[in-house]
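An overview of the molecular structure
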Amino acid sequence: MAGTAGRAAKAMRAGHQASAGELLELVRSGRATTRGALQQATGLSRATVGQRLDRLFRAGWLREGAGGPVDSPQGGRPSITLEFDDEHAVVLAADLDTRHGRAAVVSLSGEIQAEHHGSLRIEDGPDAVLGELGRWFAELLEKAGQRADAVCGIGIAVPGPVDTDTGKVVQPPIMPGWDGYDIRGRLGRAFAEQAGIESAGGAGSATGAGVTRSGARIPVLVDNDANLMAYGEQRTGYPDCSAFALVKVSTGIGAGMVVGGSIYRGVDGGAGDIGHIRVGADALCRCGSYGCLAAVASGGAVARRLAESGVPATSGSDVRDLLTAGHPEAMALAREAGRQVGDVLATVVTLLNPGVLMIAGDLAGTPFLTGVRELLYQRALPRSTAHLDVVTSRLGERAGLVGAGALVVEYLYAPERVEERLAALGV
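A brief structural summary. Just so we're clear, the structure is a prediction, and the values are computed from it rather than from any experiment.

To continue, consider the packing of helix α3 (residues 35–42) against helix α4 (residues 46–59). Taken N-terminus to C-terminus, the directions of α3 and α4 make an angle of 115°; their axes are 10 Å apart at the nearest point. By crossing handedness, the relation of α3 to α4 is classed as right-handed. When α3 is examined against α4, the residues R35, L38, Q39 and T42 are found in contact with a partner set consisting of R46, V49, L53 and F57. Split into classes, the residues belonging to the contact of α3 with α4 amount to 4 nonpolar, 2 polar and 2 charged.

Listed below in structure tokens is the structure:
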């Protein structure tokens, strides 16, 4: 909430009267959770606050909680607190890797109600992969005991650069056949077909078509996997960290950054693509260039070196299994890869000055982390690392799912979108 919680206050300081969406934001952020506190925060009259709240209650988005502090200095009965009702809808979330995928039903508060993971090969192409995801979603809703019309949005993490305005991946090195594909429209149709809901057609809005729910579109949001992992980890474990960076090292290498509570994507979604920084080696990368960091230090690169020495490994997940088993050559190569990544991260840390640097993905174990720390602290300026915590993932393989769910919730309950949705509901 850190990236949005101040918008209502800024608008009110400019003489703007707070909308129902801005009142909901104040409640969700915990900044004002009683009617009296909302009056004080917004300057609205009691009657106007009541009218705004009535719309939110009729939509089913607010509920009354236990008694809170007494609003009046003269005493009296405790005021009734207001709470965001996180049970009125659910989100569908998916996280794709090169060889497998995860999907879940996620509550509006971020709790995973049902989850499935299995083989899902990105190279099979978007039509097949997204069609299978639609089937997973329908089965998960049944497992969670939720109706299809409870779904308010879908979020999906993909292992490539994403233009978030269109929801399309742009020249993804490890996603053959996905460049420019309409992920939103296809996933929305796949879910509609499997769940027996009327499809809303092609991508006609800022978030694609989705499917109809009580006459409204269900948005499908697409983002890079490292971005959504960073978002999920920052929101759940480090909400007060104003500059958070996550590096995912699996078959490839990517980074996600959360600055001021919001994902930092750059001007067209290309921020964080550190796997294609040139490090001076001769190795050929899957992007077609030579000397990329991912070509020498990713899980895929380590797997190739192991295979060359006779150890059966073809992917980052194979390397992870070997590291878990304590395989000595895999551990030595992982530490070397960590040193190469740490050398690049010294520049990243100097530029971004994050409070937390999280290492995640298949290689995120002790050998790799040790290598990262060796070079990072050796090469970065002491001032850049004085208040830096270098850690590993808390959410593990669920980070992308949690981040995808949070992305959808923040999109749907942003003040301006709340007003649009209330108007569509006729309340």
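So, next bit.
In this section: the sheet that holds strand β13 (residues 253–259). Spatial ordering of the open sheet is given by β14-β13-β12-β15-β16, a layout of 5 strands whose pairing is mixed. Edge strands, defined here as strands with exactly one partner in the open sheet, are β14 (262–263) and β16 (389–392). When strand β12 (residues 243–249) meets strand β15 (residues 356–360), the two strands line up parallel, connected through 5 bridges. Note that in β15 the partner of L246 across the bridge is M358. Running over the sheet, helix α12 (residues 366–379) touches β12, β15 and β16 and is turned about 165° from β16.

This part takes up the pattern of salt bridges. Once the charged atoms of two side chains with opposite charge are near each other, the side chains can pair. Enumeration over the complete set of coordinates arrives at 27 salt bridges. For the salt bridge of R58 with D54, the shortest nitrogen-to-oxygen distance reads 3.1 Å. Of this pair, R58 and D54 both sit in helix α4, 4 residues apart, roughly one helical turn. For D54, a relative accessible area of 37% puts it in the partly exposed group. A salt bridge links D343 to R379; the nearest nitrogen and oxygen atoms lie 2.8 Å apart. Taken together, the residues D343 in helix α11 (residues 328–352) and R379 in helix α12 connect sequence positions 36 residues apart. Among the residues examined, R379 registers a relative accessible area of 46% and is labelled partly exposed. Salt bridges linked by common partners bring R102, E115, R320, D321, D362, E397 and R398 together as one network.

Here we come to helix α7 (residues 225–237). Its 13 residues place the ends of α7 18 Å apart at the C-alpha level, agreeing with the 18 Å of an ideal helix rising 1.5 Å per residue. Within α7 the residues assigned to the buried category are D225, A226, N227, L228, M229, A230, Y231, G232, E233, Q234 and G237. Between a side-chain oxygen at the N-terminus of α7 and the backbone nitrogen of A226 the separation is 2.9 Å; the capping residue is N224.

Here the focus is the nonpolar core. Ranked by size, the top nonpolar core spans 51 residues in total, and within it L38, L56, F244 and Y413 carry the most contacts. Excluding residues within four positions of it along the chain, L38 makes contact with L23, L26, V27, A32, G43, V49, L53 and L82. Counting residues in hydrophobic clusters, the runner-up holds 39 residues, among them A245, L293, A303 and A337.

With that settled, consider the environment of S29. Residue placement: S29 occurs in helix α2 (residues 20–29). Distance in space between the C-alpha atoms of S29 and F84 is 9.5 Å, their sequence separation being 55 residues.

The next point concerns unusual backbone geometry. Phi is positive for Q171, close to 45°, though the residue is something other than glycine. For N353, which is not glycine, the phi torsion reads 55° and is therefore positive. One can find N353 in the loop between α11 and β15. Overall, the relative accessible area of 39% leaves N353 in the partly exposed class.

About the cut-offs
- Residues numbered from 1 in each chain as written.
- Predicted model: local features only at pLDDT ≥ 70, side-chain atom pairs only at ≥ 80, totals over all residues.
- Heavy atoms only, no water.
- Axes fitted to C-alpha atoms, helices over the stretch in contact; angles between N-to-C directions.
- Helix = DSSP H or I, 4+ residues; strand = E, 2+ residues; numbered from the N terminus.
- Left-handed = near helix turned anticlockwise from the far one by under 90°.
- Contact = heavy atoms within 4.5 Å.
- Nonpolar A, V, L, I, M, F, W, Y, C, P; charged D, E, K, R; others polar.
- Pairing = 2+ DSSP bridges.
- Salt bridge = Lys/Arg side-chain N within 4 Å of Asp/Glu carboxyl O.
- Buried < 20%, exposed > 50% of the residue type's maximum accessible area, 1.4 Å probe, protein only.
- Expected span 1.5 Å × (residues − 1).
- Polar contact = N/O pair within 3.5 Å; in protein donor to acceptor, adjacent residues only side chain to side chain.
- Core = buried A, V, L, I, M, F, W, Y, C linked by side-chain atoms within 4.5 Å.

Bear in mind that shape data such as this cannot, by itself, settle questions of function.
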